[in-house]
There are 2 protein chains.
Amino acid sequence: MTDTLSRTFAALADPTRRSMLDRLTLGVASVSELAAPFSMTLPSASRHLKVLEEVGLISKGRHAQTRPCRIEPALLQDVDEWLKPFRRFYAQRLDMLSDYLDTLNQGEGHGFNSDRP
Amino acid sequence: MTDTLSRTFAALADPTRRSMLDRLTLGVASVSELAAPFSMTLPSASRHLKVLEEVGLISKGRHAQTRPCRIEPALLQDVDEWLKPFRRFYAQRLDMLSDYLDTLNQGEGHGFNSDRP
DNA sequence: GTCATAATTACGTCCTTTGCTAAGTACGCA
DNA sequence: TGCGTACTTAGCAAAGGACGTAATTATGAC
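Residues numbered from 1 in each chain as written. Chains lettered and ligands numbered in written order. Predicted model: local features only at pLDDT ≥ 70, side-chain atom pairs only at ≥ 80, totals over all residues. Heavy atoms only, no water.

(A) Inspection of the protein's contact with DNA strand D at higher detail. Neighbouring residues of DNA strand D: 22 residues in total, closest A:Ser44, A:His48, B:Ser32, B:Ser46 and B:Lys60. Among the atoms of DNA strand D close to the protein, meaning within 4 Å, 69% are from sugar or phosphate groups. Note that a phosphate oxygen of DNA strand D is positioned 2.7 Å from one of the side-chain N or O atoms of A:Ser44. In this structure, a phosphate oxygen belonging to DNA strand D sits 2.4 Å away from a side-chain N or O atom of A:His48. (Near = heavy atom within 4 Å. Polar contact = N/O pair within 3.5 Å; in protein donor to acceptor, adjacent residues only side chain to side chain.)

Right under this line is the structure:
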């Protein structure tokens, strides 16, 4: 389990860490701010943020005593890219992509049948 | 770590299991077929498939002695849905979504531009 | 310098995961 | 009914993850 995608998925396999990432879509936040919604101790929350930082899903700056955290989107994009080959299995249920994938299936003939599950 | 999304990400946090899912995009395959590319023993590979089945990423049928496996796309779609709020952080680099998101950013509510290429 | 705040590190414990080997189950066929 | 193939279960050891408490570093205010 040493590759980047595996470590990314492992980091996302925790509801606390996903919730922290959700919070960060609203903007930069300190460790304490990110820890506040949870019932765990600050060291535990800090370790979750360290996991996110070490894998590369967030980065931390410095401002006085606080460590402002922000999202680093590259790995989430990697996850998105990994999902691509699977989209045709549920494309008809995806609002955002349905028209695009319908077009792809009808026209381009990129090597797969649109009537396969 | 009992919620579905956490168990899904945990199941995907293993290169063997992701590789098995990749293989299943080509169509149904038996346990032995899915295990063949890996250097591990058959019981270990079978256990990986059991993890995928228990979380709901694949399902197994029965055909003589074989257990044909197929992808169950619902959870991958859940992952896709979870990614949605993060797409705006890397949208300009996503081929598939760039047109849609450009439209969105220009002020449209949520309609899909149907006269797009 | 002294003190308070923000965050991290150290350490111990519990639980889960992953791999192996060996044994067991389910099915089709002669 | 007995045999081979396909797969699963059982049991064990090694490794990793998540939590808490206690101690430590880093910065700013006084």
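Picking up after the structure, the text goes on.
(B) Structural context of the protein's contact with DNA strand C. The environment of DNA strand C is made up of 23 residues, and the closest members are A:Ser32, A:Ser46, A:Lys60, B:Ser44 and B:His48. Taking all atoms of DNA strand C within 4 Å of the protein, the share assigned to sugar and phosphate is 75%. For DNA strand C, a phosphate oxygen lies 2.6 Å from a polar atom in the side chain of A:Lys60. Between B:Ser44 and DNA strand C, the recorded distance is 2.5 Å, taken from a side-chain N or O atom to a phosphate oxygen. The element best represented in the surface near DNA strand C is helix H4 (residues 42–55) of chain A, accounting for five residues. In terms of residue class, the surface near DNA strand C is made up of six nonpolar, nine polar and eight charged. (Helix = DSSP H or I, 4+ residues; strand = E, 2+ residues; numbered from the N terminus. Nonpolar A, V, L, I, M, F, W, Y, C, P; charged D, E, K, R; others polar.)

(C) Local environment of the packing of helix H1 (residues 4–12) of chain A against H4(A). Residues and elements named next belong to chain A. It is at 10 Å that the axes of H1 and H4 come closest, and there the two elements cross at 160°. Classified by the angle their axes make, H1 and H4 are roughly antiparallel. Two packed elements cross with a definite hand, and for H1 against H4 that hand is left-handed. When H1 is examined against H4, the residues Arg7, Thr8 and Ala11 are found in contact with a partner set consisting of Val51, Leu52, Glu54 and Val55. Looking at side-chain class alone, the contact of H1 with H4 contains four nonpolar, one polar and two charged residues. (Axes fitted to C-alpha atoms, helices over the stretch in contact; angles between N-to-C directions. Parallel < 35°, antiparallel > 145°, perpendicular 65-115°, else oblique. Left-handed = near helix turned anticlockwise from the far one by under 90°. Contact = heavy atoms within 4.5 Å.)

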